[in-house]
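In case you want the letters, here they are:
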Amino acid sequence: MLDSHQHFWMTSRTDYGWLTPELGSIYRDFMPDDLRREMQRAGIKRTILVQAAETEAETDFLLDIAAKTDFVAGVVGWLDLDSDGFESRLAHYRANPLFVGVRPMLQGLRDDDFILRPRVLKSLKAIEAVGVPFDILTFTRHLPHVAQALQHVPKLKAVVDHISKPEIAAGQFEPWASHLRDIAAYPNVSCKISGMVTEASPDWRLEDFRRYVDHVASVFGADRLMFGSDWPVCLLAASYGEVCNLARTLLSAHFDTHQLARIFETNAADYYGV
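First, a word on scope: everything that follows refers to the structure included in this document. Since the structure is predicted, the reported quantities are computational estimates derived from the model, not experimental observations.

**Comments concerning the overall build of the protein chain**
Right, on to step 1. Secondary structure summary: the protein chain contains nine helices and eight strands in total.
Right, on to step 2. Taken over the C-alpha trace, the protein chain has a radius of gyration of 17 Å; the compact-globule value for 274 residues is 19 Å, and the two agree within 12%.
Right, on to step 3. Within the protein chain, residue pairs in contact and separated by at least 24 positions form 80% of the contacts whose partners lie at least 6 positions apart.
Right, on to step 4. The average position of the 28 basic charges and that of the 37 acidic charges among the side chains of the protein chain differ by 3 Å.

Here's what the structure looks like:
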């Protein structure tokens, strides 16, 4: 199986604006040897390593890890979309075969409509033109802006991270469900079954997630879903194995063995070209 979404970090690098001591158990270094055994126990063979800092320095750090780590299939890095030099930086990183995608951290930016800035739209058109995968990290409130951006780049090869983090702890379903249906109308957009446990209450139960996964399964289907652990962020609420089993159990209600194989490996491999 292929985990489409995990992170590594070293706190001494100091460019993780969101990673503070208040996060407790995950405020420490997480590197490949920390994950290897958990992957083996869960039957995961490869991963996609995703950025966690808004710097090219971290992208370089992750690419170096990928070059030295047998199970890392590729890196989704950060580049400055609101820069006049974006296209040249994209070309620079595309020369590295381990660079498989771009992710801005939309969820933490000051402007919810950042993705609609003129230079950002220009950068998205450059990404669309060369077919580089684009990870969409959002909360519900960002989805209308993402939908508007997709009107400008309807062929953008994109994936919604963490099912766009619906308000699971509060049991809120709308407007998340309607907004995500609008995003799913674009055939080149996929969705990661990931990042759910940290949006639920601390004493979460499997049933807390069912209607959210049911909806994602309905609007995206077996060919546009991919499993991701969001490790080590997930450790705030669940173990690696628990996250894998949660996804398997909920998705098994909708898909057969062959479809699940696509969701847990083939779709991500094809999407990221690994």
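The discussion continues.
**Examining the packing of helix 8 (residues 240-251) against helix 9 (residues 257-272)**
Right, on to step 1. Contact pair helix 8 / helix 9: the axes reach a minimum separation of 11 Å and the direction vectors enclose 145°. As helix 8 packs across helix 9, the resulting crossing turns out to be right-handed. Taken together, the residues of helix 9 that come into contact with helix 8 (itself represented by Cys 244, Ala 247, Arg 248 and Leu 251) are Leu 260, Ile 263 and Phe 264.
Right, on to step 2. The residue inventory of the contact of helix 8 with helix 9, partitioned by class, reads six nonpolar, no polar and one charged.

**Overview of the pattern of salt bridges**
Right, on to step 1. Evaluated as defined, the whole model comprises 17 salt bridges.
Right, on to step 2. With a closest N to O distance of 2.8 Å, Arg 89 and Glu 56 form a salt bridge. One end of the pair, Arg 89, is in helix 3 (residues 86-94); the other, Glu 56, is in helix 2 (residues 56-68), and 33 residues separate them in sequence.
Right, on to step 3. Put simply, Arg 117 and Asp 82 hold a salt bridge, and the shortest N to O gap is 2.8 Å. Residue Arg 117 is located in the loop between strand 4 (99-102) and helix 4 (118-130), and its partner Asp 82 is located in the loop between strand 3 (72-77) and helix 3; the two are separated by 35 residues in the primary sequence.
Right, on to step 4. The class for Asp 82 is buried, based on a relative accessible area of 17%.
Right, on to step 5. Where salt bridges share partners, they join Asp 82, Asp 84, Asp 111, Arg 117 and Arg 119 into one cluster.

What counts and what doesn't
- Residues numbered from 1 in each chain as written.
- Predicted model: local features only at pLDDT ≥ 70, side-chain atom pairs only at ≥ 80, totals over all residues.
- Heavy atoms only, no water.
- Helix = DSSP H or I, 4+ residues; strand = E, 2+ residues; numbered from the N terminus.
- Rg over C-alpha atoms; globule rule 2.2 N^0.38 Å.
- Contact = heavy atoms within 4.5 Å.
- Lys, Arg positive; Asp, Glu negative; His and termini not counted.
- Charge placed at Lys NZ, Arg CZ, Asp CG, Glu CD.
- Axes fitted to C-alpha atoms, helices over the stretch in contact; angles between N-to-C directions.
- Left-handed = near helix turned anticlockwise from the far one by under 90°.
- Nonpolar A, V, L, I, M, F, W, Y, C, P; charged D, E, K, R; others polar.
- Salt bridge = Lys/Arg side-chain N within 4 Å of Asp/Glu carboxyl O.
- Buried < 20%, exposed > 50% of the residue type's maximum accessible area, 1.4 Å probe, protein only.

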